[in-house]
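Remarks on the overall topology
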Amino acid sequence: MAITIYTNDDIRPGAIAGQRIAIIGYGSQGRAHARNLQDSGHDVIAGVRHGGKGWRHANEDGVPTAEPADAVRGADVIAILTPDMVQAEIYRTIVEPNAKTGAAILFAHGFSIHYRRIAPREDMDVILVAPKGPGDLVRREFARGRGVPALFAIQHDATGKARDRAMGYARGIGGATGGLIETSFREETETDLFGEQAVLCGGAKELVMSGFNTLIEAGYQPEIAYFECMHELKLIVDLFYEGGITKMNAFISETAKWGSVSSGPRVINADTRERMKAVLADIQSGKFAEDWIAENETGKPAYDALVKADSEQPIEIVGQALRQRMAWLNAPQAGAHPAQAA
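Residues numbered from 1 in each chain as written. Predicted model: local features only at pLDDT ≥ 70, side-chain atom pairs only at ≥ 80, totals over all residues. Heavy atoms only, no water.

**Examining helix 4 (residues 84-95)**
As a reminder, the rule being used: Relative accessible area decides the class of each residue, using a 1.4 Å probe on protein chains only: under 20% of the type maximum gives buried, over 50% gives exposed, and in between gives partly exposed. Think of it this way: any DSSP run of H or I at least four residues long counts as a helix, any run of E at least two long counts as a strand, and we number them from the N terminus. Whether two residues touch is decided by their heavy atoms; if any such pair falls within 4.5 Å, the residues are in contact.
Taken together, the buried positions of helix 4 are occupied by Met-85, Gln-87, Ala-88, Ile-90, Tyr-91, Ile-94 and Val-95. As for helix 4, its buried residues are in contact with strand 2 (20-24), helix 3 (68-72), strand 5 (77-80), strand 6 (104-107), helix 5 (111-114) and helix 15 (287-297).

The structure is reproduced here in structure tokens:
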């Protein structure tokens, strides 16, 4: 069954016209959302601590600022764009006591709602708008008159306006220009976490490190192993990104293609997929969320140790030295948007 991809033409004109939007969290996504919404003609205010980094950036961008509680008061849409683990406290101390009746609370990731970290008031709309790209890309593509595709979801429609609010917000940040797909908080959260853990961050990282270690244990030079297992990965990822597996197959050599189809399934096989299913099961059951919340509540000792261990891997030591010779990695990009430098 074909999925519906909504565009700007599918969104009611003026869906959120005249509604004040409070952006709580002025990091990568918050900064991009605020600037895009403001450029789209919306009434935006950044809820930031006076004198902090977010306050400085908002002032540089010409986005009006207020202390977070003051920004929430009177706002029609309250976008919580802070890290997952601080959202519950922000809701409890800033949003819940100050949000007006019938306001919408909006998230860019469903974690806090799906895992019941936050239970919004019954009078509030609960919506999600999740661009499928980092904040600098969301801003850069919008500035070019284009847009990054986005997902949207409605968890609770208290006012009858939740769908208009979500789709209007998505249009304001460029998501409907890129293509807007409806989902649920559950689907967005669980697929996002699975992708990060099994493929994009966890899986790719472990695959790269395992390949590197296999080569150096076999006696090959670490620098050569780095180029083959880490450096050249970008070439393949770019082909995936631009045209999928079909484009990769069109651009790599016949030898590489044969090695891909004959040896790839020996590395990523049925056993690997069973372990992926176990990762997904932990996400679906809430075990991953429970473990991550508990880790935060105890000061993140295991998290800090494991991240430190990653940074001390042999591939990182070799790579750091090699990358110093790659001048293009630190060269400013022509036409880069100012938001990238933030």
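**Thoughts on the pattern of salt bridges**
Heads up, the rule is: Note on definitions: salt bridges are taken to be side-chain nitrogens of Lys or Arg within 4 Å of carboxyl oxygens of Asp or Glu.
Here the structure, examined in full by the defined rule, presents 26 salt bridges. Here Arg-146 ties to Glu-141 by a salt bridge, and the two come within 2.8 Å at their closest N and O atoms. Classification of Glu-141 as buried rests on a relative accessible area of 12%. A salt bridge links Asp-291 to Lys-287; the nearest nitrogen and oxygen atoms lie 2.8 Å apart. Taken together, the residues span about one helical turn, with Asp-291 and Lys-287 both in helix 15 at a distance of four residues. Owing to a relative accessible area of 41%, Asp-291 belongs among the partly exposed residues under this scheme. Overlapping salt bridges bring together Arg-31, Arg-35, Glu-60 and Asp-61 as one network.

**Considerations on helix 11 (residues 222-231)**
The test is simple: This arc is taken over the directions from the axis of the helix to the C-beta atoms.
Within helix 11 the residues assigned to the buried category are Ala-225, Tyr-226 and Cys-229. Around the axis of helix 11, the buried residues are gathered within 105° of arc, so they sit on the same side. In this structure, the buried side of helix 11 is in contact with helix 10 (202-217), helix 12 (233-251) and helix 17 (314-323).

**Some remarks on the nonpolar core**
The following threshold applies: To qualify as a nonpolar core, a set must consist of buried Ala, Val, Leu, Ile, Met, Phe, Trp, Tyr and Cys residues joined through side-chain atoms within 4.5 Å.
Ranked by internal contacts, the top residues of the largest apolar core, which has 31 residues, are Ile-23, Val-129, Tyr-169 and Leu-180. Contributing elements (two or more residues each) for this core: strand 2, helix 1 (28-39), strand 3 (43-47), strand 5, strand 6, strand 7 (125-131), strand 8 (150-156) and helix 7 (162-172). Looking at which element gives the most residues to this core, the answer is helix 7, with five residues. If near-sequence neighbours (up to four positions away) are discounted, Val-129 is found in contact with His-33, Leu-106, Phe-107, Ala-108, Leu-151, Phe-152, Ala-166, Tyr-169, Ala-170 and Ile-173.

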